[in-house]
Amino acid sequence: MNQLAITTNTMYHAWWNELSTCQSDIEFPIEINSADVATLVRISGIGQTSAKQIVRYRELLGGYYSVEQISELQVVTTENFQRILPQIWCDNSKIKKININFAAQNELETHPYLSSRMLKRIINKRLLKGGWSTIEEMIEDNIFSADEAARIAPYLQFGTNPE
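As the structure is a prediction and not an experimental result, all values here were calculated from the model.

Engineer: Would you mind showing me how to read the overall build of the chain here?
Structural biologist: Tallying secondary structure elements over the chain gives eight helices and four strands in all. Ordered by position from N to C terminus, the α and β elements of the chain give α-β-α-α-α-β-β-α-α-α-α-β. In the chain, buried positions account for 35% of the 163 residues. Put simply, of all contacts in the chain between residues at least 6 apart along the chain, 56% involve residues at least 24 apart.

Structural data, given as structure tokens:
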């Protein structure tokens, strides 16, 4: 074996031992609503770019209510999602809720599940009606379809006081 091969082999083993040591202090599965980028990259199938996008999307959403939401990201292929799935779990009690009856327009605009059409309807109908008590009322008022309501409902609260 030549000197370059020995050096490369030694460097690889040192890197592998360091990686194995780093991963051993992490408990799997990893909770995706509290994991940072450094923790996420330790999951097999998640690289630096994917980890950053997972965290950014989580911040836009207000947290994940289901691990399946990870598959909504373009950087996560179906095959890769299947590899990631057994390594993650989701504590949906960490979701940041939006008080739909009092949230400012700029707070609503940033949520990825609210289209401009929905946003207009929310603002206009809220001015006329004063708000809603349930997601079903929002469906009846043609703010959301049943599918849209199911998707956004975990992020909404129907408070009577601005908080």
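Engineer: For this particular structure, what's the right way to read the nonpolar core?
Structural biologist: Looking at soluble globular proteins, one finds that nonpolar side chains tend to be buried together. Residues Y64, L108, I122, M138 and F144 are the most contacted members of the largest nonpolar core, which totals 41 residues. Those elements giving two or more residues to this core turn out to be helix 3 (48-61), helix 4 (78-84), helix 6 (116-129), helix 7 (135-140) and helix 8 (146-152). When residues of this core are assigned to their parent elements, the largest contribution, five residues, is made by helix 3. With residues up to four places along the chain from it excluded, the contact list for F144 reads L114, M118, I122, I135, M138, I139, A149, I152 and L156.

Engineer: Before we go on, may I ask you to explain the confidence of the model for the chain in this structure?
Structural biologist: A low pLDDT means the predicted coordinates there should not be read in detail. On average, residues of the chain score 88 in pLDDT, and 84% of them are at 70 or above. Across residues 4-23 the pLDDT falls below 50, and counting only partners more than four positions away or on other chains, this stretch makes four contacts in the model.

Engineer: Can you help me understand the packing of aromatic side chains in this one?
Structural biologist: For any pair of aromatic rings, the description rests on two quantities: the centre-to-centre distance and the angle between the ring planes. Inspection of every chain in the model, using the stated rule, returns three aromatic pairs. Considering the side-chain rings of Y57 and Y64, the 6.2 Å spacing of their centres and the 55° angle between planes classify their relative orientation as tilted. Site record: aromatic cluster; members linked through ring pairs are Y65, Y113 and Y155.

What counts, and at which threshold
Residues numbered from 1 in each chain as written. Predicted model: local features only at pLDDT ≥ 70, side-chain atom pairs only at ≥ 80, totals over all residues. Heavy atoms only, no water. Helix = DSSP H or I, 4+ residues; strand = E, 2+ residues; numbered from the N terminus. Buried < 20%, exposed > 50% of the residue type's maximum accessible area, 1.4 Å probe, protein only. Contact = heavy atoms within 4.5 Å. Core = buried A, V, L, I, M, F, W, Y, C linked by side-chain atoms within 4.5 Å. pLDDT = per-residue confidence, 0-100. Phe/Tyr/Trp six-rings, centres within 6.5 Å; stacked < 30°, edge-to-face > 60°.

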